[in-house]
Amino acid sequence: MELMAVYENLYDRFGPQHWWPKHEGSARPGFDPRFEVMVGAILTQNTAWTNVEKAIANLYAADCLDAKAIASVDGSRLKDMIRPAGYFNQKAKKLKILASADVVEPTRRSLLSMWGIGRETADSILLYAFNEPIFVVDAYTRRLLALLGRHDLAEADYDVIRNFFELNLPRDTNLYNEFHALIVAWAKAA
DNA sequence: CTCCAGGGGGCCA
DNA sequence: TGGCCCCATGGA
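Now for a description of the structure that goes with this document. Bear in mind the structure is a predicted one, so any value in this text is a computation, not a measurement.

A count of helical and extended segments in chain A gives 12 helices and zero strands. Starting at the N terminus and ending at the C terminus, chain A contains elements arranged as α-α-α-α-α-α-α-α-α-α-α-α. Projecting the C-alpha coordinates of chain A onto the three principal axes gives extents of approximately 50 × 30 × 25 Å. Counting over 190 residues, chain A shows a buried share of 47%. Looking at chain A alone, contacts between residues at least 24 apart form 62% of all its contacts between residues at least 6 apart. Surface accessibility of chain A: about 9700 Å² in total, with carbon and sulfur atoms responsible for 50%.

As a further point, take the protein's contact with DNA strand C. What surrounds DNA strand C is the set N46, N51, K54, R83, P84, G86, Y87, F88, N89 and Q90. A breakdown of the atoms of DNA strand C within 4 Å of the protein gives sugar and phosphate a share of 64%. Within the side chain of N51, one N or O atom sits 3.3 Å away from a sugar or linking oxygen of DNA strand C. Within the contact set of DNA strand C, a phosphate oxygen lies 2.5 Å away from a side-chain nitrogen or oxygen of K54. When contributions to the surface near DNA strand C are tallied by element, the ones reaching two or more residues are helix 3 (49-61) and helix 6 (88-100). Counting residues per element, the surface near DNA strand C draws most heavily on helix 6, at three residues.

Here we take up the protein's contact with DNA strand B. Lining the immediate surroundings of DNA strand B are 21 residues, of which W20, W115, G116, T121 and Y140 lie closest. Counting only atoms of DNA strand B within 4 Å of the protein, the fraction found in sugar and phosphate groups is 66%. The backbone of N46 places a nitrogen or oxygen atom 3.1 Å from a sugar or linking oxygen of DNA strand B. Within the side chain of T121, an N or O atom sits 2.4 Å from a phosphate oxygen of DNA strand B. When residues of the surface near DNA strand B are traced back to their parent elements, those giving at least two are helix 6, helix 8 (119-129) and helix 9 (139-147). Broken down by element, the residue count for the surface near DNA strand B peaks at three residues, all from helix 8. Tallied by class, residues from the surface near DNA strand B come to eight nonpolar, eight polar and five charged.

L43, L59, L78, L95, F165 and F179 are the most contacted members of the largest nonpolar core, which totals 62 residues. Per-element tally for this core: the top contributor is helix 12 (residues 173-189), with eight residues. Of the domains in this structure, domain 1 (1-21 + 133-190) and domain 2 (22-130) are the two that each give at least three residues to this core. In contact with L78, other than residues within four places in its own chain, are L59, I70, V73, A92, L95 and K96.

So, on to the pattern of salt bridges. Summed over the entire model, instances satisfying the criterion amount to 11 salt bridges. One salt bridge connects D157 with R119, and the closest N-O pair in it is separated by 3.2 Å. Here the residue D157 occupies a position in the loop between helix 10 (151-154) and helix 11 (158-167), and R119 occupies one in helix 8, the gap between them amounting to 38 residues. We classify D157 as partly exposed; its relative accessible area is 40%.

Cut-offs used in this document
Residues numbered from 1 in each chain as written. Chains lettered and ligands numbered in written order. Predicted model: local features only at pLDDT ≥ 70, side-chain atom pairs only at ≥ 80, totals over all residues. Heavy atoms only, no water. Helix = DSSP H or I, 4+ residues; strand = E, 2+ residues; numbered from the N terminus. Buried < 20%, exposed > 50% of the residue type's maximum accessible area, 1.4 Å probe, protein only. Contact = heavy atoms within 4.5 Å. Areas by Shrake-Rupley, 256 points an atom, 1.4 Å probe, with all protein chains shown as cover. Near = heavy atom within 4 Å. Polar contact = N/O pair within 3.5 Å; in protein donor to acceptor, adjacent residues only side chain to side chain. Nonpolar A, V, L, I, M, F, W, Y, C, P; charged D, E, K, R; others polar. Core = buried A, V, L, I, M, F, W, Y, C linked by side-chain atoms within 4.5 Å. Domains from an automatic or database assignment. Salt bridge = Lys/Arg side-chain N within 4 Å of Asp/Glu carboxyl O.

Put into structure tokens, the structure is as follows:
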């Protein structure tokens, strides 16, 4: 199995996916797009992206797409704004922690040390907000590996799979960005 | 009606 | 480490 060939196959079938950071309309005027990406990465946990968009629109309408605003906003107001994204009690807590953390140059370790950020969310932040060549693994990635006959890898630990992709692909942020998004597109189409 | 979406934490053996 | 449960909304 050649991963680059798999990528090209998916790209031919589904085309560019326009995920972060170049999603049209993603970066709101006057707000740091990196913070918006971090917020989105938390809000999308086990949640359809369409619901996340509603929550982010609420935050934007209330001028709450920056760390200081989220850190100071009333907790119940924050919950109301992010309600469409589900899990609002947990996610409000996570956003409060993120907003208080003063994330400037995060490392994987520093992100993982924060309550509410696991490996997939940490890697999504590093890749899509800070343009680091980290391959994001999710349940769809495992499905793809299984379909490719790599059942061993499909059931392996998260970081084993991540290392497999990073060791068998060029170290290219844009490639990782697009590949992960294409895997999601493939899974949704299937 | 059921199922699940761009997961993570807590608990327990 | 691995299995299980909880969290919550909205679209299919």
